[in-house]
Amino acid sequence: MKLPLFRTLLILSSIAPLARSQTTASSASAITPEISALAQSLLTDDLVPGISVGVVRLDGGSVTTEYGAWGNRTEDGDPADPQMITGIASVSKAFLTGAIGILIDDFANGRNVTALPHGLDTLSWDTKVQALFPGSSVWKLQDQWATEKASIADLLSMVTGLTSNDFGFTRDDTQVSLAKRFRYIKPGYELRQQWDYTDIFYIFGAHIISTYSGMTLQDFVKEHIFVPLNMTSTSYSTQEANATGHLSQSWTYFQRRIPNILEGANTANLIAGAGGILSNAVDMSKWAATILNGGVDPVTNRTIIPPSAYAETTTARVIQQGNVTTDQSVSIIGYGLGWQRNSFFGHDMITHDGGIPGFTSSLVVMPDDNIAVVALLNTDGQYQDVLPMAIISSVLGLNTTSSTSSAAKISTRTLSARDVSDASNCTSSSLPLESFAGYYTSPAYGNLTFCVPISANASAYCNSTLSDFAALAPLDQNTLYATTNRLVTHVSMQRACSSSDNATEAFILEFQAIYPNGYGRNTTAFSEQNPNLPDTHVECVVNDGKVVGCGWLDVEVSPITSVGTVEQRAQIWWTKH
């Protein structure tokens with residue numbers, strides 16, 4: 001549910017502005033009454049609980065920073081302000097790539113504290129991952145050529161051939177335990193054939209830092225970026241963020257409060273490189289100013305990101321979206337290393353946005369126009385680009401009222417034609433639903449246990465699972481139910497169709513996070529679906545009256561094939577035990 005990057009400014013005169021904004025310089029305010037009215041409309045019309053914004057402008061040696069905040073950061077009514085700390089989600093990726101760039105510079109200048117493996121003389125973006133992790137104990141992909149040839153840059157520019165695999169990691173994983181399952185993940189493409197947004201290699205990127213710096217990613221980024229930039233409220237720890245007294249609560253897009261996904265220490269460590277930073281508009285404005293100034297802190301004139309690393313990370317390496325002919329506001333969109341690069345009405349743009357359960361964020365840097373904008377929202381509704389693009393359009397005097405930018409649509413998953421059985425060929429199943437219940441394993445994804453809705457001998461696990469689903473609605477007699485320790489917590493599989501020979505049976509899989517007791521003050525049950533995990537077609541194989549396993553056919557965006565057995569066609573195959 002992506003929105004256009006900005007709203008038509010013609011209607012803003014009828015919306016009363018909210019005037020809780022701060023300006024640190026006497027220049028004309030970027031946060032105009034129209035911008036405040038637009039922010040207020042996000043609160044009232046789109047159920048965004050709270051927003052904070054930072055606007056940075058460079059003028060020679062001076063830095064002008066302006067802040068705005070609207071709404072609340074807690075359900076008790078504590079107001080949002082520029083110090084409000086939220087998860088910045090995938091805007092964290094540029095900190096990982098910046099850290100790797102610093103590490104590369106350390107090796108180039110003899111400041112490294114660890115040695116490279118035997119036979120590897122230099123560390124660069126083109127260094128093969130296999131050279132960094134010789135053997136196959138950690139690094140191995142299903143495709144041997146990709147295993148041997150994939151570089152650090154391939155991983156972080158998202159062209160390894162693997163697709164998102166958002167269901168592929170659990171909250172109990174580590175970077176290494178996840179990496180050891182890469183070899184079992186079926187690639188959607190060949191190496192460097194196709195860009196697809198992929199978090200799992202940013203999760204693994206933290207392991208590169210810890211292996212070759214002798215420090216955790218968190219400590220390395222703190223020492224080399226947070227501390228030099230005086231980002232005193234920024235960390236990878238909810239405990240540290242909470243101690244400031246400014247940590248925001250988190251909400252769904254329909255304004256139900258949910259737990260902070262980063263509260264669990266293991267989960268926070270796992271996703272640190274991909275989306276684990278907590279920060280506020282004040283600190284993120286310092287980072288934005290540094291990126292705007294080519295990696296150099298404009299206040300202290302200290303180089304934070306080495307020039308070579310800045311150039312490598314912000315340069316578009318692959319085409320993220322090539323077909324933008326329907327929108328003349330943006331150019332072809334490229335992806336670098338933790339940054340997106342394109343032009344907006346002819347103005348050069350370096351940007352990245354992010355979203356995790358309960359938080360969204362956006363950082364937009366216009367290097368030729370000396371302006372950058374950061375927006376932090378305590379909702380997972382995809383509204384993070386609205387204010388940055390409206391502010392930039394206003395400051396630059398762009399006529400954007402008739403545009404619906406393609407940049408708002410780039411992360412929307414467009415699935416290929418689904419492999420759906422023809423209902424006219426369906427027959428009544430010869431197997432009861434109970435035959436499909438039970439324990440399934442996947443070497444790439446772990447395990448799942450599905451429960452029937454009614455059983456006289458249900459396990460404690462099944463009773464708990466069924467209770468969670470029953471809190472939402474009566475259980476369906478044609479549906480199997482499971483819980484899982486992932487970002488989505490619950491999975492259901494509804495029977496759809498049997499083949500004429502009863503050799504296969506079709507199901508529809510649905511992913512959601514269920515809160516059977518609500519959360520916060522509202523204790524009524526609710527659920528939220530993950531937009532990156534669409535309803536998925538499943539085909540289960542039956543042999544001699546026994547269920548052999550089930551294939552998930554279209555959970556990923558890679559091409560769907562109709563050739564071969566179900567196990568060969570499946571993007572993910574689950575063996576039943």
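As the structure is a prediction and not an experimental result, all values here were calculated from the model. (Residues numbered from 1 in each chain as written. Predicted model: local features only at pLDDT ≥ 70, side-chain atom pairs only at ≥ 80, totals over all residues. Heavy atoms only, no water.)

### Thoughts on the pattern of salt bridges
- Following the criterion strictly, the structure yields 13 salt bridges and no others.
- Residues E66 and R57 are paired through a salt bridge, measuring 3.7 Å at the closest nitrogen-oxygen approach.
- R57 gets classed as buried once you look at its relative accessible area, which sits at 19%.
- The network of salt bridges with shared partners includes D105, D106 and R111. (Salt bridge = Lys/Arg side-chain N within 4 Å of Asp/Glu carboxyl O. Buried < 20%, exposed > 50% of the residue type's maximum accessible area, 1.4 Å probe, protein only.)

### Some details on the packing of helix α1 (residues 33-45) against helix α14 (residues 386-396)
- In contact at an axis separation of 10 Å, α1 and α14 are set at 165° when each is read in the N-to-C sense. Overall, the two elements α1 and α14 adopt an arrangement that is roughly antiparallel. Two packed elements cross with a definite hand, and for α1 against α14 that hand is right-handed. When α1 is examined against α14, the residues I35, L38, A39 and L42 are found in contact with a partner set consisting of V386, L387, A390 and I391.
- Residues of the contact of α1 with α14, tallied by class, amount to 8 nonpolar, no polar and no charged. (Axes fitted to C-alpha atoms, helices over the stretch in contact; angles between N-to-C directions. Helix = DSSP H or I, 4+ residues; strand = E, 2+ residues; numbered from the N terminus. Parallel < 35°, antiparallel > 145°, perpendicular 65-115°, else oblique. Left-handed = near helix turned anticlockwise from the far one by under 90°. Contact = heavy atoms within 4.5 Å. Nonpolar A, V, L, I, M, F, W, Y, C, P; charged D, E, K, R; others polar.)

### Side note on the packing of aromatic side chains
- In this structure the tally under the stated criterion is 25 aromatic pairs.
- Following the ring pairs from residue to residue traces out a cluster consisting of F133, W139, F182, F201, F204 and Y212.
- The lysine or arginine in question, K93, covers the ring of Y202, its NZ or CZ lying 5.3 Å from the ring centre.
- For R486, the ring lying beneath its charged end belongs to F167, and the centroid distance is 4.2 Å. (Phe/Tyr/Trp six-rings, centres within 6.5 Å; stacked < 30°, edge-to-face > 60°. Lys NZ or Arg CZ within 6 Å of the ring centre and 35° of its normal.)

### Points about the pairing of strand β22 (residues 572-576)
- In terms of burial, β22 is a largely internal element, 4 of the 5 residues being buried.
- Bridging between strand β14 (residues 438-442) and β22 involves 2 bridges; their strand directions are antiparallel. By the bridge assignment for β22, Y440 is matched with K576.
- Direction of pairing for strand β21 (residues 546-552) relative to β22: antiparallel, over a ladder of 4 bridges. Residue pairing in the sheet places G549 in a bridge with T575 of β22. (Pairing = 2+ DSSP bridges.)

### Quick word on the pairing of strand β13 (residues 371-377)
- Most of β13 sits inside the fold, with 7 of its 7 residues counted as buried.
- Burial of β13 is two-sided: the residues I371, V373, A375 and L377 facing one way and the residues A372, V374 and L376 facing the other way are all buried.
- Two elements, strand β2 (residues 50-59) and β13, share 7 bridges in a ladder whose sense is antiparallel. Along β13, the bridge assignment pairs V55 with V373.
- Direction of pairing for strand β12 (residues 359-366) relative to β13: antiparallel, over a ladder of 7 bridges. Bridge assignment links S362 to a residue of β13, and that residue is A375.
- Hairpin connection, β12 to β13: the antiparallel pair is bridged by 4 residues, and N370 has positive phi, about 55°.

Any link to function would need more than the numbers given here.
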